[in-house]
Structure formats: structure tokens, C-alpha cells
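# Fold and geometry: a report
Here is what each chain is made of, one letter per residue.
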Amino acid sequence: MRKGIFLAFLLVAAIQDLYRKKVKVWVFVVFGILALGLNGYLWIVQKEDSMWNHMLSASLGAGLLALGRFCEGNIGTGDGWFFAVSGLMLEFWENLSLLCMGVVLCGSYGLTVLVWNQIRTGERAGNKTVPLLPFVAVPGILMAMEQGVGR
């Protein structure tokens, strides 16, 4: 069930980030409440012991938010909130893997655009921004499919 909520969250956030370069606050609120509600049920009623793992996983987002402030906004606030909310649905290593794979894909794309613009047009592309979440969607969808969405 967590993976299904995560997949819906990932797709909505990635699509908004792709087209608007920002994710609306309601996305984080709605999916955060859904994740907390499901987790509360699993932690309290079914005595699942993954609470600390999910809190640690959500701290990745908190770390990104802090790093974004330190870097004067060069890391988007939405990215930090995305990984905080996704941490409520993914285990720590899954969330960290998703972050790392997304950064590698996004960085590879950004480097390709930078070199392409420099070679083909001579235009400097250093100040252009690239949304991260569409690049997180690719490994996120593959991860959800591999593990089974219903789990």
C-alpha cells in the first residue's frame, strides 16, 4: 500500500515539477497526511517496527532543506519536501538510493545540455535550472515495479 501511495505521489510531483519547475504545497500535504495515516495504522495497530527507519528516511528531506538554505536556494525547497514525504513511504536506503540515482541522472542531463549549448551555439547555459523530480521518477517507477506496487 505504501508503494502505491508513493508511486502516485511521485508521478504527481514529477509532472508538476517538469511543467512548472515547482510542486504545489497541497501535494506534499495530502500525500504526507496519507503516509502518516497509513504509517500510524501500521505502527500502532499492526505493531510494525519500521517507525524509526521511516523517520530516519524522512530526515534526508530535512537535510536537503537545510542544505538548500545553506546554498542560498540552489537546491529547491520542493525537492527537500519531496524526500521528507517520500521518506514516510520508503525505507532509508530506498530513499537515499532514489536521491542518488535522481541526482546522477539530472546531473548527466545538465552536463549534456551545458556541453551541447557550448559546442553547437556557443551559448552559456550555466544559469539555467533543471527540475530534479522528473529524473527521480525514472528510478522511482522502476523501484516500485521491481518490488511490486501493492506492497
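Here the structure is shown first, and the text comes after it.
A quick note: this is a predicted structure, and the numbers were derived from the prediction, not measured. (Residues numbered from 1 in each chain as written. Predicted model: local features only at pLDDT ≥ 70, side-chain atom pairs only at ≥ 80, totals over all residues. Heavy atoms only, no water.)

### Notes on the environment of Ala137
With respect to the helices and strands, the residue Ala137 is situated in helix α6 (residues 133-147). The buried category is assigned to Ala137, whose relative accessible area is 9%. (Helix = DSSP H or I, 4+ residues; strand = E, 2+ residues; numbered from the N terminus. Buried < 20%, exposed > 50% of the residue type's maximum accessible area, 1.4 Å probe, protein only.)

### A closer look at the packing of helix α4 (residues 77-87) against helix α5 (residues 92-121)
Angle between the axes and distance between the axes: these two values describe a pair of packed helices. Packing of α4 against α5 leaves a shortest axis separation of 9 Å and a crossing angle of 150°. It follows from the interaxial angle that α4 and α5 lie roughly antiparallel. Note on packing geometry: the crossing formed by α4 with α5 is right-handed. Note on element contacts: α5 touches α4 through Asn95, Leu98 and Leu99, opposite Phe82, Phe83, Ser86 and Gly87. Of the residues in the contact of α4 with α5, the class split is four nonpolar, three polar and no charged. (Axes fitted to C-alpha atoms, helices over the stretch in contact; angles between N-to-C directions. Parallel < 35°, antiparallel > 145°, perpendicular 65-115°, else oblique. Left-handed = near helix turned anticlockwise from the far one by under 90°. Contact = heavy atoms within 4.5 Å. Nonpolar A, V, L, I, M, F, W, Y, C, P; charged D, E, K, R; others polar.)

### Thoughts on the packing of aromatic side chains
On inspection of all chains with the given rule, the structure shows six aromatic pairs. Relative to Phe82, the ring of Phe9 has its centre 4.8 Å away and its plane inclined at 15°; by these criteria the two rings are stacked. Here Phe82 lies in helix α4 and Phe9 lies in helix α1 (residues 2-20), a separation of 73 residues in the sequence. Like Phe9, the residue Phe82 is buried in the burial classification. Aromatic rings pair up to connect Phe9, Phe28, Phe31, Phe82 and Phe83 into one cluster. (Phe/Tyr/Trp six-rings, centres within 6.5 Å; stacked < 30°, edge-to-face > 60°.)

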